[in-house]
Amino acid sequence: MLDISGVLQSLPGFLQIINVIVLLSALFFFTSTISSHLIEVFVGFINSRGKQLRARLELALGKDAAKALYDDPIIKSLSSQSRTTIHWPSYIEPELFARITASLSNDDKSAMSKSDVIKDIKDKLMKVESDLEPKLIEWFKAITDRQTGVYTRWTFLRLLVVGFLLAGLLDI
């Protein structure tokens, strides 16, 4: 039977090639991990996720309805505030969103009850005699799934830039 390890070791430079492959893999893993952490620190610092979620809800519900949602004490408690800016929550549980939205939409004076999307959902539910909260959860999950895609694309671009910068700085 043929001894493969002896054959591989007899190839000129084989062990050096394996060493270079292992070291480059470790180096690329290290720089990609550093890039990911740098991006997460940056994104957390500028509150990118929270801003994107709020902008998406303003676009979907309307500015006034989104403001009513973010003015709710429970949502406010999820936010953090520095001396100069408010850091909006980067994630809202769909069930919490549905409960607050349903509550706000029951008040005819609330901006939420005037939102075209909420009116449309309520009108369709009246026809089939269904509960509002499960449909709001379904709608909100669809919105956040789309927002996750946007965030992923932006993160990919940021990682690409940081990766090239690190490669240039480390002369890789």
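One structure accompanies this document, and this report is about it. Residue positions within a chain follow its written sequence, with the count starting from 1. Given that the model is predicted, a residue must reach a pLDDT of at least 70 before its local features are reported, and side-chain atom pairs must reach 80 or more before they are shown or counted; all residues, however, enter totals for whole chains, interfaces and linings. Each side-chain value is derived from all of the structure's non-hydrogen atoms; neither hydrogens nor water enter the calculation.

### Some details on the overall build of the protein
Selection criterion: Numbered from the N terminus, helices here are DSSP runs of H or I no shorter than four residues, and strands are runs of E no shorter than two. Buried, partly exposed and exposed residues are distinguished by accessible area as a fraction of the type maximum, computed with a 1.4 Å probe on protein chains only: under 20%, between the cut-offs, and over 50%, respectively. Contact criterion: two residues are considered in contact whenever any of their non-hydrogen atoms come within 4.5 Å of each other. To be clear on the numbers: accessible area is Shrake-Rupley with a 1.4 Å probe, and residue cover counts the displayed protein chains and nothing else.
Each helix and strand counted, the protein has 8 helices and 2 strands in total. Along its sequence from the N terminus, the protein presents helices and strands in the succession α-α-α-α-α-β-β-α-α-α. Taken along the three principal axes of its C-alpha coordinates, the protein extends 85 × 50 × 20 Å. The proportion of buried residues among the 172 residues of the protein is 30%. Contacts in the protein between residues at least 24 apart in sequence constitute 63% of all its contacts with a sequence separation of at least 6. Within the structure as shown, the protein displays about 11900 Å² of accessible surface, and the carbon and sulfur contribution to it stands at 64%.

### Re the pattern of salt bridges
Applied cut-off: By salt bridge we mean one thing: a side-chain nitrogen of Lys or Arg within 4 Å of a carboxyl oxygen of Asp or Glu.
Going through the model one piece at a time under the given rule, you end up with 6 salt bridges. For Glu40, the salt bridge is made with Arg49, and the minimal N-O distance between the two is 3.5 Å. Here Lys135 and Glu138 are joined by a salt bridge, their closest N and O atoms 3.7 Å apart. In this pair, Lys135 and Glu138 are both assigned in helix H8 (residues 132-169), 3 residues apart and thus about one turn of the helix distant. For Lys135, a relative accessible area of 33% corresponds to the partly exposed category.

### A word on helix H2 (residues 14-46)
Short version of the rule: An expected span of 1.5 Å times one less than the residue number is assigned to each helix.
Between its first and last C-alpha atoms H2 spans 48 Å; for 33 residues at 1.5 Å apiece the expected length is 48 Å, and the two agree. The set of residues buried in H2 consists of Thr31, Ser35, Ile39 and Val43. On the buried face of H2, the contacting elements are helix H3 (48-61) and H8. Where H2 ends, the next residue or the one after it, Asn47, has phi of about 55°, a positive value.

### Some thoughts on the environment of Lys122
Turning to its location among the elements, Lys122 is positioned in helix H7 (residues 116-128). In sequence terms Lys122 and Pro12 are 110 residues apart; their C-alpha atoms lie 74 Å from each other. Setting aside residues up to four positions removed in sequence, Lys122 forms contacts with Ser105, Asn106 and Leu132.

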